[in-house]
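Structure at a glance
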Amino acid sequence: MAKLSETTITDAVLERISSCPNSRLKQLAGGLIRHIHDYVREVQLAPEEWLYAIEFLTEVGKLCDGKRQEFILLSDTLGVSALVDILDNQGNPPATTESSLLGPFYRKGAPEMGAGASIAGDTAGEPLIVSGHVLGDGDRAIGGAMLDVWQAAPSGLYDLQDKCLDGMNLRGRFRTDAEGRFALRTVKPASYPVPADGPVGRMLHALGRHPFRPAHIHFIVSADGYQSLTTALYIAGDKYLESDAVFGSRPSLAVGYRHEAANGGAGKQTDAIEFDFVLNRALGMRR
């Protein structure tokens, strides 16, 4: 048996997975092993530091449940989620709407609502109208597209975080009409801190970082024959646009408010957002 050294141990571990029958799994595991070993050598990691890292990850796992996903938060705040998203969408045509992060607070099963309905329920806040179109290649309107919409309340809490709420709030699904148009009502979103009372929050504080996200509204836009788009609209002028704690904001997704007369009349005006989402053809349907 050969004596292991700080350089030969990496090859020894890689040799143990050389017979892995799944080539992609072998590539993923091999890359992870090489990079972790290189990191340990680069920083000369001490045993007590590695134990602290293991305890940190253990605590992250213990905070994950049906209402909180601390591992997604860790991935987001380290920029890993954003990097995966950027790589996955880097080949899209320039006209396609940019993607953004799903985040840890998405919930399946939001109610489908009619055009112009409100997702805000009894939530207090400044009213907001959100409308636009869903388009395909060549600015072709996509009728029957689905928009799954969710956001935090002006308090900065999602329904999953608000102990006073039982059920869904500030969530809804909307279909486009034959002209590809959609419309919904809500309340203005606000910038808010990501959960900072756990290990990820302590990590941010130790690194001298703030936990805030700029105000935004999430969307998943889908239609037959097109790639599903996970994105968000960010409010222009928000002070955290340039320093989003999870690296999710994009210049092309920053939108400003415009004034719209309530009910089409000349009386009181309501702030509104108008935005057209452009989808990319599904892989098997591109010409």
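Quick look at the structure, then. Along each chain, residues carry numbers from 1 onward, in the same order as the chain's sequence is written. Per-residue local features of the predicted model are confined to residues with pLDDT of at least 70, and side-chain atom pairs are confined, for both listing and counting, to 80 or more; whole-chain, interface and lining totals are unaffected and use all residues. Side-chain figures throughout are based on the complete set of non-hydrogen atoms in the structure, without hydrogens or water.

On to the environment of arginine 24, then. What counts as a helix is a DSSP run of H or I of at least four residues, what counts as a strand is a run of E of at least two, and both are numbered from the N terminus. Locating arginine 24 in the fold gives a position in helix H2 (residues 23-43). A relative accessible area of 48% means that arginine 24 is categorised as partly exposed. Engagement of the side chain of arginine 24 in a polar contact is seen with the side chain of glutamine 27, the distance being 2.7 Å. Throughout this description, buried means an accessible area under 20% of the type-specific maximum (1.4 Å probe, protein chains only), exposed means over 50%, and partly exposed covers the range between. Counted as a polar contact is a pair of N or O atoms within 3.5 Å, where, for protein atoms, one must be capable of donating a hydrogen and the other of accepting one, and residues adjacent in sequence contribute only when both atoms are in side chains.

The biggest cluster of nonpolar side chains holds 33 residues, and the ones touching the most others in it are Val134, Leu147, Val149, Phe219, Val221, Phe277 and Leu279. Element by element, the count of residues in this core is highest for strand S8 (residues 229-235), at five residues. Residues within four places of phenylalanine 277 in sequence aside, it is in contact with Thr97, His133, Val134, Leu135, Leu147, Phe182, Phe219, Val221, Leu229, Thr231 and Leu233. Among buried residues, those of type Ala, Val, Leu, Ile, Met, Phe, Trp, Tyr and Cys that are joined through side-chain atoms within 4.5 Å constitute a nonpolar core. Formed by 11 residues, the second largest nonpolar core is a distinct cluster that contains Val60, Leu74, Leu101 and Val194. By the convention used here, residues are in contact when the closest approach between their heavy atoms is within 4.5 Å.

What follows covers the environment of alanine 124. With respect to the element layout, alanine 124 can be found in the loop between helix H5 (80-89) and strand S1 (127-135). Separated by 30 residues in sequence, alanine 124 and proline 154 have C-alpha atoms that sit 7.9 Å apart. If sequence neighbours within four positions are ignored, alanine 124 has contacts with Pro154 and Val187.

As a working rule, side chains carrying opposite charge can pair if their charged atoms are close by. Here, a salt bridge means any side-chain nitrogen of Lys or Arg that lies within 4 Å of a carboxyl oxygen of Asp or Glu. Enumeration over the complete set of coordinates arrives at 14 salt bridges. Residue arginine 41 pairs with aspartate 38 through a salt bridge whose shortest N-O separation is 2.9 Å. With arginine 41 and aspartate 38 both in helix H2, this residue pair falls three residues apart, about one helical turn. Given the relative accessible area of 24%, arginine 41 is considered partly exposed. Between arginine 68 and glutamate 70 there is a salt bridge; the shortest N-O distance is 2.9 Å. As far as burial versus exposure is concerned, arginine 68 and glutamate 70 are alike and both buried.

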